[in-house]
Amino acid sequence: MRKYVILILFVLIIICTGCSANPDATYRVWYHGNENTYGFPPNDPNEYKTGMEAVVLGSNTLLKTGYVFKNWNTKQDGAGTSYDAGSKITIKNLAVFLYAMWTPAP
């Protein structure tokens, strides 16, 4: 019984410390229109390793009736980190999801 407890603790320590992370893993940046009415979000076909920088793309053909594209945000409700087109984002050990932020048209 004691051997199993030690084995389970060992496995949990490895998982929690990230020793099982793949150093060759690559990640993508994904763009979402966030209730756009027309067009398509940009597509970044690049694959990035942890620590690399990705240049944030523009709005491509996205449009939303009655709104103007403002920027991108890591949270759909705008409560995350905002990024303007052309800025850089450092890739962590996760895929990045960016959501279009819209402001009412004047």
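Residues numbered from 1 in each chain as written. Predicted model: local features only at pLDDT ≥ 70, side-chain atom pairs only at ≥ 80, totals over all residues. Heavy atoms only, no water.

As for the nonpolar core
The line we're drawing: Among buried residues, those of type Ala, Val, Leu, Ile, Met, Phe, Trp, Tyr and Cys that are joined through side-chain atoms within 4.5 Å constitute a nonpolar core. Note on exposure labels: buried denotes an accessible area under 20% of the residue type's maximum, exposed denotes more than 50%, and partly exposed covers the range between, all computed with a 1.4 Å probe on protein chains only. Labels follow the DSSP assignment, with helices taken as runs of H or I lasting at least four residues and strands as runs of E lasting at least two, numbered in each case from the N terminus.
In terms of nonpolar packing, the biggest core is built from 16 residues, with Val29, Val56, Trp72, Ile89, Ile91 and Leu98 touching the most fellow members. Looking at this core, the elements that each hand over two or more residues are β1 (29–32) and β6 (96–104). Among the elements that line this core, the one with the most residues is β6, at 4 residues.

Section: the environment of Gly39
We apply this condition: Contact between two residues is taken to exist if any of their heavy atoms lie within 4.5 Å; hydrogens are not considered.
Structurally, Gly39 can be placed in the loop between β1 and β2 (53–55). Not counting residues within four places of it along the chain, the set of residues in contact with Gly39 comprises Thr61 and Leu62.

A few points about unusual backbone geometry
Positive phi values are uncommon outside glycine, yet Glu35 reaches one of about 70 degrees. As for its placement among the helices and strands, Glu35 is situated in the loop between β1 and β2. Judged by its relative accessible area of 57%, Glu35 is exposed. In this structure, Asn60 takes a positive phi of about 60 degrees despite not being glycine. Relative to the assigned elements, Asn60 resides in the loop between β2 and β3 (67–73).

Some words on the sheet that holds β3
For the record, the criterion: The criterion for strand pairing is that DSSP finds at least two bridges linking the strands in question.
Spatially, the 4 strands line up as an open sheet ordered β1-β6-β3-β4, and their pairing is mixed. Every other strand in the sheet has two partners, leaving β1 and β4 (82–83) as the edge strands with one partner each. With 2 bridges joining them, β3 and β4 adopt antiparallel strand pairing. Paired with Trp72 across the bridge in β4 is Tyr83.

Considerations on the side chain of Lys64
Looking at where Lys64 falls in the secondary structure, it is placed in the loop between β2 and β3. Taking relative accessible area as the criterion, Lys64 reaches 17% and is therefore assigned buried. Apart from the residues within four sequence positions on either side, Lys64 is in contact with Asn34, Glu35, Asn36, Thr37 and Trp102.

Concerning the pairing of β3
Where β3 and β6 come together, 6 bridges link them in antiparallel fashion. In the sheet register, Asn71 faces β6, and the bridge partner there is Met101.

Points about the packing of aromatic side chains
To keep things clear, this is the line we draw: Only Phe, Tyr and Trp rings take part, Trp by its six-membered ring, and two of them pair if their centres are within 6.5 Å. Stacked means planes under 30 degrees apart, edge-to-face means over 60, and tilted covers everything else.
Going through the model one piece at a time under the given rule, you end up with 3 aromatic pairs. Geometrically, the ring pair formed by Tyr31 and Trp72 is edge-to-face, given 4.8 Å between the ring centres and 70 degrees between the ring planes. Residue Tyr31 is found in strand β1, and its partner Trp72 is found in strand β3; the two are separated by 41 residues along the sequence. Residue class for Trp72 comes out buried when judged on its relative accessible area of 0%. Between Phe69 and Trp102 the ring centres are 5.8 Å apart and the planes differ by 80 degrees, which places this aromatic pair in the edge-to-face class.

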